[in-house]
Amino acid sequence: MSQDPIPAVPVTFEGVVRRPGGPGRRRYWKSLEELADSPGFLEFLHREFPEQASSFDDPKGRRDFLSLMGASLALAGLTACTKQPTERILPYVRQPEQLVPGRPLHFATAVAHDGYARGILVESHEGRPTKVEGNPDHPQSLGATDVFGQAHVLGLYDPDRSKNVLYLGQDRTWGAFREALREVLDKQKRPGGAGVRFLTGRVTSPTLAAQREALRGELPEARWVSWEPADRDNVREGARLAFGEVVEPQYRFENADVVLSLEADFVTSHPASLRLVREYAGRRKVDVEKPEMNRLYVVEGSPTPTGASADHRLALRSSAVEGFARAVAAGVGVEIEGGVDHDWVAPLVEDLKRAGARALVLAGETQPPAVHAIAHAMNEALGTVGTTVVYTEPAETAGDLSLGELVDEMKDGQIEVLVVAGANPVYAAPADLGFAEALEKVPLRIHHGLSVDETAVLCQWHLPAAHPLESWSDARAACGTVTLVQPLIAPLYGGLSTHELLAAFIEDSEPKGYDILRGHWMEVLGDDDAFEARWSRALHDGVVAGTVFPEKTVAVRPGEWTRVAGEGTSGLEIAFRTDPGVYDGRFANLGWLQELPRPLTKLTWDNAALMSPKTAERLGGFRVEETGAGHVTEVVELRYRGHSVKAPVWILPGHPDDAVTVHLGFGRSRAGRVGDGVGFDAYALRTSDAPWFGGGLEVERTGETALMACTQDHWTIENTAHEAAADRHLVRSATLDEVQADPHVFEHGAHEPEPGLSMHPDHEYPDRAWGMAIDMSACVGCNACVTACQSENNVAVVGKDQVGRGREMHWIRVDRYYEGPPESPETFHQPVVCMQCEQAPCEVVCPVAATVHSDEGLNDMVYNRCVGTRYCSNNCPYKVRRFNFFLYQDWDTPTFKMMRNPEVTVRSRGVMEKCTYCVQRISRARIDAKNENREIRDGEIQTACEGACPAQAIVFGDVNDPESRVSKLKASPRNYGLLAELQTRPRTTYLAAVRNPNPAIPSARREEHHG
Amino acid sequence: MASAPHTEPRIIGPGHTFATVTDKIASLVLQKKTPLGWFVGFAVAFGLLQLLLVSVALLLARGVGIWGLNIPVGWAFAIINFVWWIGIGHAGTLISAILLLLRQQWRTSINRFAEAMTLFAVACAGLFPIIHMGRPWVGAYWLLPYPNTMGIWPNFRSPLIWDVFAVSTYATVSALFWFVGLIPDLATLRDRATNKFVKILYGMGAMGWRGSARHWNNYEMAYLILAGLSTPLVVSVHTVVSFDFAVANLPGWHATIFPPYFVAGAIYAGFAMVLTLAIPLRKFYGLEDFITDKHLENMGKVLLATSLIVVYGYTMEAFMAWYSGSTFERFMIWNRMFGSYGWTYWVLLFCNLLTPQLMWFKRFRTRAGWLFAVAMVVNVGMWLERFVIVVTSLHRDFLPSSWGMYSPTFWDWATFLGTIGLFLTLFFLFIRFLPAISIFEMRTIVPEARLEEERT
């Protein structure tokens, strides 16, 4: 690399100091290079920094980043290393108005998941967003987040994000792109843009919709394709089938006594899942004095957390759900044919009818439109509309074309310019479309995205996108509520938002995202004096008032779907599902999500061909073997409709027989350093006509084996584990009937020691004593707590090899226990944090007093005193301690330094770590209370897991205060301590699970207990 | 001699005098050409030592993750090896101290190298708790009690702190005991050495020993006091080591029988190791006259007795698991027998329960070959015992959700073999440069000495 000597133009401080804006105009500066934009300085920067970043041809990309960082650090010490956006953004109300160093601020914004807004509050430390919390004021978030929401912080700081505008892999500038674009547009304008196509993900942004309209003015013939790999076409088409128009059903679980889910996994994959879980779980926190709860029936083709938390779960192949649904529908009074009877149908129908208007039937997006129509018809027949379900218009702005139509056009050579923004069709499009080949027929391909992905490498232009936490935008939630998306940080790599990109097609000026957004909302809200107040209010609250959709009245119209049942599938069936961790693959480069133990399989860093124990036996007697390096399983070849992939077998209890589930989102080739080559690519099997399931799968043994990283015991090899779990009363549960008969049913068979048996003197807590109660009735096993904890506590990602060796670092884990036969087990989720034992076994054995009891009852960790004997972990009956066997934390990547919570120690090699009830949050609240000369209020401190939990299953508080929520929960007869017979006296306790099975439906559990 | 009906069982070969004993033992060090076999053995041992250095260097550079440890199996090879080595050491102390106090004259010919064995085994053992932290430098900082401005002391409730004291005391006393015992012999070597450099070196070690009556008096006093100090250590050290487990609440560790059971196991393992070293030693150096069949037979008897105590320990563990009625304890013993590592338990019983029963029969007790084989089996058995206790208990503990498996990595084995290398290297150096059998003590049991006594 030949480098010119740095020009002799001196970079002086006067240059910096002299130019703080023109007279009479306040000028905010982002960084020194802007502040000191003397020609010499710019020249200096130009030579030294980003323009030539390509000469640092480092595949790791760190040096590029360093040089960029260096630009803002060039005159170190005068500026923070991060930039606040230049426009005014408003802090959330519960934080003070001014930024106090060391005190984080919270800003309300939203991230769109699959296009649908989830309202969030982002914690910002001196301009660095570090943590996502749910926005309690947002109707679809209600203060909770899901795993994806939490991981956006990691997505922002992902060192593999693209940093430059690229043309054919060479660095270019935005200016160069605009110039090239102008040339092309001039040509395209003549035919009205007939050769121009835009391909994006789902669009719910009103501003983007308005921009589309504006674009129509410029290029009337240009067309827009809105496509998601995990589409909701079935929901849309189902509504069209039933009502003749597209409406979005909005469910009201709080009013639903009996719910039938036809493969609707509302816990993890529904646009409103956070709200639905809140409402659903709210009806399951049984008060044993007045026991009542809802009842959930789930019929599903692949085990999901929804099914796991159901009172009755029926494992049917996805193709068989329709027949079942038709039979139930006929039972509840819908005129319909094609029902396939089942033992369940009669009692289920009776139950639904008994509930009447307080029943609810919902269908999942994986089921064909007819099933949705049937669900709508059932709701109408039961009279639930208006009580448990209402209809509104859909939040999304539909595209002009489908992806299939676009590919046809591309193949015909009609398309001259294709702009792909925020989508990755080369990776995720159905295999039969042949998107990649069609793409090559398009003369000009422009990709706009966060990273150089599979699609970007096949496009000439790649434009780095601004992350949602870096850009101004807006988005609708499923219910219609609009959230203004405000940036927490200026774009790290100079990326532009989709709005700014689109503006380049519309006008020659280069409006900023802020102006585009504000301009749009000025039109909507009125450009009057009150606008500023409304705008501020909307930014501040995180919702634009009055944007909820009004209810629509629709009526089911009988059609062909009532008479003709869908064709069943023959042979072995394959089911495609999005992954509970990496979703459709977009999060594949985020280690938090790759390493998230999936709710039921507890697999990390892999997808697998999931099948029932019986099917595994029938297809080849597959076994999974546990070793110290991971679980060894066999690799099979899946052949389906002319495509084939190799996949490891994983045996999953509760999976329907003769079916195989594969999760999408793996096997990426251009995800980044983390996500490349993880798992196998299930999209390679997926076809456009059967996106969610289809028959005719062939499974062939290859003789190869694969090593899997699974964090919990495996059913088939460790049957003893399940026996032991039952013996040990780890999970206590009872049915609602049993609770009604005897509120103390949970104590049967338990061995709670008498208090005062210990030889050790009791600790005294004059002020506060922290405790936690976790309601296993409410927990749905969604994992949000795990990611939230990972983000809050700087928990390291260790990689597949280390997880396989049993070295995962999660401070909270969600244990999954089965009860009953492997074909139809009952599943329980038990989140396990540190128990903060009163008589903690770990404290006694630590030779260096690195884990000690605090005067508020916590088991504190003193990281810098830990010498790493691991004795505490051996002596911990709950195995909640985690050890840094290697230097797991990335100490070098600069962006990760920005990402971490500055209030939590970043642990080094050889140090034991564990949950401390988010002691940093306790300290902050204690200081606040002291400053204000008051007590800490109940609920003022939320641990990270508690805050994220959509089910509000985790409650933290002061057990010294008998009026606190946690004290009241602990007084419940449902409350029990895990392994209490060991006299550890855990401070984290559990509320036993209550299930509400229909006595008319035979269940294995009942037979076992009473038969 | 064998025909003499009234003589005690023979602990020294016929025809030896003061001079022959001195000549024979001193010549191993001073005159004789180093045998080729020594070089071969030393080379192997030294090679293994290099493996240890590489393993430890890598460990310090990268962390304990290079081993197969995980959560729940937080302790594995390092602790197994620690307990194994320290147990081996016990026989040396027992032979030197307790048998001295009990006036067991047959100890005389084996005590020197048994003590050396103790010292080297303690060196190997001591290495493990230090390196198993992965960052020993912080360990020294926080583990040793010293007045400091932070006002922080170690946690004296932790058995690991007791370990620090127990093992360091043991190492110190063993080293002193061994060295004090060496002084008269170092003087003998000094006097017999012809090379001036060698003379000076041994002379420094002999610390001015001239064999005066006062010297002998002081020596006897010191030796007796050290023997008295060492005696409780034989019991205490392994008791403390067993506390590492017994104090924990883990099923399979939490057992009151651990202290006596561990001490017996230590002596058992130690005698097996003494036999493992003595049998080749007497063969290659032709020391059958000094380490006689009587010695071997006595050690065989000790082996049998201690094995029975150990087996009693196994029985009580199983009995208590059943008798306690605790589901955790019952599961633990079931898992030991039939779980993923069940085979280790059965091999352990073969090694420690069945094999030593051969020692009931005199023909096995008196045949060096058989004894050596039994001793090797016992060495393996005692290592497996610790594996069963440490790993099998940990990998299936209270919550099934946390259960895991442990597989040793290459570096686990390398570190273990490396310490065997360290041990053997030290031992080879010892038999080459120091009298492996106590010369002056052997002189007290030759017939000449006895005749003197009888005459008076």
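All values derive from a computational prediction rather than experimental measurement.

### Quick word on the overall build of chain B
For chain B, the helix and strand inventory stands at 17 helices and zero strands. For 456 residues, the compact-globule estimate of 2.2 N^0.38 gives 23 Å, and chain B sits close to it at 23 Å. In terms of overall dimensions, chain B has a C-alpha envelope of 75 × 55 × 40 Å along the principal axes. Partitioning the intrachain contacts of chain B with sequence separation of at least 6 by distance along the chain shows that 82% fall at a separation of at least 24.

### Structural notes on the interface of chain B and chain A
Between chain B and chain A, the contact holds 44 residues from the first and 46 residues from the second. Within the residue set of the side of chain B that touches chain A, elements represented by two or more residues are α5 (136–143), α6 (159–192) and α11 (327–338) of chain B. Ranked by residue count, the leading element in the side of chain B that touches chain A is α5(B), at four residues. Broken down by class, the residue content of the side of chain B that touches chain A amounts to 25 nonpolar, 15 polar and four charged.

### Considerations on the domain arrangement of chain A
Residues and elements named next belong to chain A. Under the domain assignment, chain A is made up of domain 1 (13–73), domain 2 (248–392) and domain 3 (569–710). Centre-to-centre separation of domain 2 and domain 3, based on C-alpha positions: 28 Å. With 13 residues of domain 2 at the contact, the number on the domain 3 side is 19 residues. Looking at the side of domain 2 that touches domain 3 residue by residue, the class counts come to five nonpolar, seven polar and one charged.

### Overview of the packing of helix α9 (residues 258–284) of chain B against helix α10 (residues 293–324) of chain B
Any two packed helices are characterised by the angle at which their axes cross and by the distance between the axes. Residues and elements named next belong to chain B. Contact geometry for α9 and α10: axes closest at 8 Å, N-to-C directions at 150°. If you check the angle between α9 and α10, you find them roughly antiparallel. Note on packing geometry: the crossing formed by α9 with α10 is left-handed. Contacts from Y261, A264, G265, I267, Y268, F271, A272, V274 and L275 in α9 reach L296, M299, V302, L303, T306, S307, I309, V310 and G313 in α10. Looking at the contact of α9 with α10 residue by residue, the class counts come to 14 nonpolar, four polar and no charged.

### Some remarks on the nonpolar core
With 437 residues, the main nonpolar core has A:L262, A:M378, A:A609, B:A76 and B:V274 as its most contacted residues. Among the elements that line this core, the one with the most residues is α9(B), at 17 residues. Here this core spans two domains, since at least three of its residues come from each of domain 2 (248–392) and domain 3 (569–710) of chain A. Contact partners of A:A609, with chain neighbours within four places excluded, come to A:V636, A:L638, A:A647, A:P648, A:V649, A:W650, A:V660 and A:V662.

### Things to note about the sheet that holds strand β16 (residues 461–464) of chain A
Strand pairing in a sheet relies on backbone hydrogen bonds. The paired strands run either parallel or antiparallel. All names here are of chain A. Read from one edge of the open sheet, seven strands run β5-β4-β16-β15-β14-β6-β7, paired in mixed fashion. Among the strands making up the open sheet, the edge pair consists of β5 (170–172) and β7 (223–226). Averaged over all pairs of adjacent strands, the angle between their axes in this sheet comes to 20°, without regard to strand direction. Strand direction decides the pairing type here: strand β15 (residues 444–449) and β16, joined by four bridges, are parallel. Bridging across to β16, H448 finds its partner in L463.

### Some thoughts on the sheet that holds strand β2 (residues 116–125) of chain A
Residue and element names in this part refer to chain A. One open sheet accounts for three strands, arranged β1-β2-β3; its pairing is antiparallel. Each edge of the open sheet carries a strand with a single partner, namely β1 (105–113) and β3 (128–134). Put simply, the sheet's adjacent strands are angled 40° from each other on average, direction ignored. Relative to β2, β1 runs antiparallel, the two being bridged by nine bridges. Counterpart to A112 in the pairing with β2 is A117. Contacts from helix α5 (residues 147–157) reach β1, β2 and β3 within the one sheet, and its direction differs from that of β3 by about 170°.

### What about the environment of A:A117?
Residue and element names in this part refer to chain A. Within the fold, A117 resides in strand β2. Take A117: there are 34 C-beta atoms within 10 Å of it, and that puts it in the buried class. Once you skip the residues sitting within four places of it in the chain, A117 turns out to touch A110, A112, T204, A475, R476, A477 and T483.

### Overview of the confidence of the model for chain A
Residue and element names in this part refer to chain A. Here chain A averages 86 in pLDDT, while 89% of its residues score no lower than 70. Within the model, the stretch residues 1–81 combines pLDDT values under 50 with 88 contacts to residues more than four positions away or in other chains. In this model residues 1006–1011 is a low-confidence stretch, pLDDT under 50, and it forms two contacts with partners more than four residues away in sequence or in other chains.

### A word on the environment of B:F271
All names here are of chain B. Tracing the backbone shows F271 in helix α9. Linking F271 and A91, residues 180 residues apart in sequence, is a C-alpha distance of 5.5 Å. Filtering out sequence-adjacent residues up to four positions away, F271 remains in contact with A91, M299, V302, L303 and T306.

### Examining the packing of helix α11 (residues 321–332) of chain A against helix α12 (residues 345–355) of chain A
All names here are of chain A. Following both chains from N to C, one finds α11 and α12 inclined at 50°, their axes separated by 9 Å at the closest point. It follows that α11 is oblique to α12 by the angle criterion. Crossing of α11 over α12 shows right-handed handedness. In this structure, α11 contributes A327, V328, G331 and V332 to the contact, and α12 contributes V345, L348, V349, L352 and K353. The class makeup of the residues in the contact of α11 with α12 is seven nonpolar, one polar and one charged.

### Things to note about the pairing of strand β35 (residues 954–958) of chain A
All names here are of chain A. Extensive coverage of β35 is indicated by the burial of five of its five residues. Of the pairings in the sheet, the one linking strand β28 (residues 770–775) to β35 comprises five bridges and is antiparallel in character. Paired with A773 across the two strands is V955, which belongs to β35.

### Observations concerning the environment of B:W75
Inspection of the secondary structure assignment puts B:W75 in the loop between α2 (36–62) and α3 (77–101). In this structure B:W75 comes out as buried when scored by C-beta crowding, with 23 C-beta atoms within 10 Å.

### Concerning the confidence of the model for chain B
All names here are of chain B. Per-residue pLDDT for chain B averages 88, and the proportion of residues at 70 or more is 96%. Mean pLDDT across the elements of chain B ranges from a minimum in helix α17 (residues 447–455), with 60, to a maximum in helix α15 (residues 410–433), with 95. Counting interchain partners and residues more than four positions distant, the pLDDT-below-50 stretch residues 1–7 has three contacts. Per the prediction output, this complex has pTM 0.88; the corresponding ipTM is 0.92.

Conventions and cut-offs
Residues numbered from 1 in each chain as written. Chains lettered and ligands numbered in written order. Predicted model: local features only at pLDDT ≥ 70, side-chain atom pairs only at ≥ 80, totals over all residues. Helix = DSSP H or I, 4+ residues; strand = E, 2+ residues; numbered from the N terminus. Rg over C-alpha atoms; globule rule 2.2 N^0.38 Å. Contact = placed C-beta atoms within 7 Å. Nonpolar A, V, L, I, M, F, W, Y, C, P; charged D, E, K, R; others polar. Domains from an automatic or database assignment. Axes fitted to C-alpha atoms, helices over the stretch in contact; angles between N-to-C directions. Parallel < 35°, antiparallel > 145°, perpendicular 65-115°, else oblique. Left-handed = near helix turned anticlockwise from the far one by under 90°. Core = buried A, V, L, I, M, F, W, Y, C linked by C-beta atoms within 7 Å. Buried ≥ 20, exposed ≤ 12 C-beta atoms within 10 Å, placed from the backbone. Pairing = 2+ DSSP bridges. pLDDT = per-residue confidence, 0-100.

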